[in-house]
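Structural description and commentary
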Amino acid sequence: MAESPELPPIVPLPEAEAAFAADDSSTAWQPYGQCRQDRLNPGIFEGTTEEHIAKVRQACGSCAVQPICLEFGIAHGNSFTMWGGHTPEEIRQMRREQR
């Protein structure tokens, strides 16, 4: 049986938040996402049905790093994935408003 790759150690949340504040491309915050805690299938963030959106928003609504996730998604996210409980369309709108 093949061994799973070693995961990097999880840094304490305050350190992850500080790392993101210093460098918005840092992903040290991601293990703290409610989606990770709930072990949501990553494909759900690419879903466009109301059911997918509702499941993502439910997880994001109680997430400790939701604001960081949204900020990361606006700055670096792709154009087809939900970030911080927001649809790709909503994130594109936020990007336009920031310009």
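For the structure, see preceding data.
1. Some words on the packing of aromatic side chains
Within the structure shown, the criterion is met by two aromatic pairs. An angle of 50 degrees between the planes, with centres 5.3 Å apart, marks the rings of Phe-72 and Trp-83 as tilted. Here Phe-72 is found in helix H4 (residues 66–76), whereas its partner Trp-83 is found in the loop between H4 and helix H5 (88–98), with 11 residues between them in sequence. Grouped by ring-pair contacts, the aromatic residues Trp-29, Phe-72 and Trp-83 constitute a single cluster.

2. Some words on the packing of H4 against H5
Running from N to C, H4 and H5 cross one another at 75 degrees; their axes reach a closest spacing of 9 Å. Classified by the angle between their axes, H4 and H5 sit roughly perpendicular to one another. Across the interface between the two elements, Leu-70, Gly-73, Ile-74 and His-76 from H4 touch Ile-91, Met-94, Arg-95 and Gln-98 from H5. Within the contact of H4 with H5, the residues separate by chemical class into four nonpolar, three polar and one charged.

3. As for H4
For H4, the full list of buried residues reads Gln-66, Ile-68, Cys-69, Leu-70, Phe-72, Gly-73 and Ile-74. Here the buried face of H4 lies against helix H1 (13–22), helix H3 (50–61) and H5.

4. Observations regarding the environment of Ser-26
By secondary structure assignment, the location of Ser-26 is in the loop between H1 and helix H2 (34–37). When its relative accessible area of 14% is taken as the criterion, Ser-26 is described as buried. Contact partners of Ser-26, with chain neighbours within four places excluded, come to Ala-19, Phe-20 and Phe-72.

5. A short note on the nonpolar core
Core analysis: the largest hydrophobic core is formed by 13 residues, its most contacted members being Phe-20, Trp-29, Leu-70, Phe-72, Ile-74, Trp-83 and Ile-91. For this core, the elements supplying multiple residues, two or more each, are H1, H4 and H5. Broken down by element, this core gets its largest block of residues, five residues, from H4. Non-local contacts of Phe-20, meaning those with residues more than four positions away in its chain, are made with Ser-26, Trp-29, Ile-68, Glu-71 and Phe-72. With six residues, the next largest nonpolar core counts Phe-45, Ile-53, Val-56 and Met-82 among its residues.

6. Here's the deal with the environment of Leu-13
Within the secondary structure, Leu-13 sits in helix H1. Apart from the residues within four sequence positions on either side, Leu-13 is in contact with Tyr-32, Ala-64 and Val-65.

7. Regarding the side chain of Thr-87
Mapping Thr-87 onto the fold places it in the loop between H4 and H5. Dropping the residues within four chain positions of it, Thr-87 is found in contact with Ile-53, Arg-57 and Met-82.

Thresholds, definitions, all that
- Residues numbered from 1 in each chain as written.
- Predicted model: local features only at pLDDT ≥ 70, side-chain atom pairs only at ≥ 80, totals over all residues.
- Heavy atoms only, no water.
- Phe/Tyr/Trp six-rings, centres within 6.5 Å; stacked < 30°, edge-to-face > 60°.
- Helix = DSSP H or I, 4+ residues; strand = E, 2+ residues; numbered from the N terminus.
- Axes fitted to C-alpha atoms, helices over the stretch in contact; angles between N-to-C directions.
- Parallel < 35°, antiparallel > 145°, perpendicular 65-115°, else oblique.
- Contact = heavy atoms within 4.5 Å.
- Nonpolar A, V, L, I, M, F, W, Y, C, P; charged D, E, K, R; others polar.
- Buried < 20%, exposed > 50% of the residue type's maximum accessible area, 1.4 Å probe, protein only.
- Core = buried A, V, L, I, M, F, W, Y, C linked by side-chain atoms within 4.5 Å.

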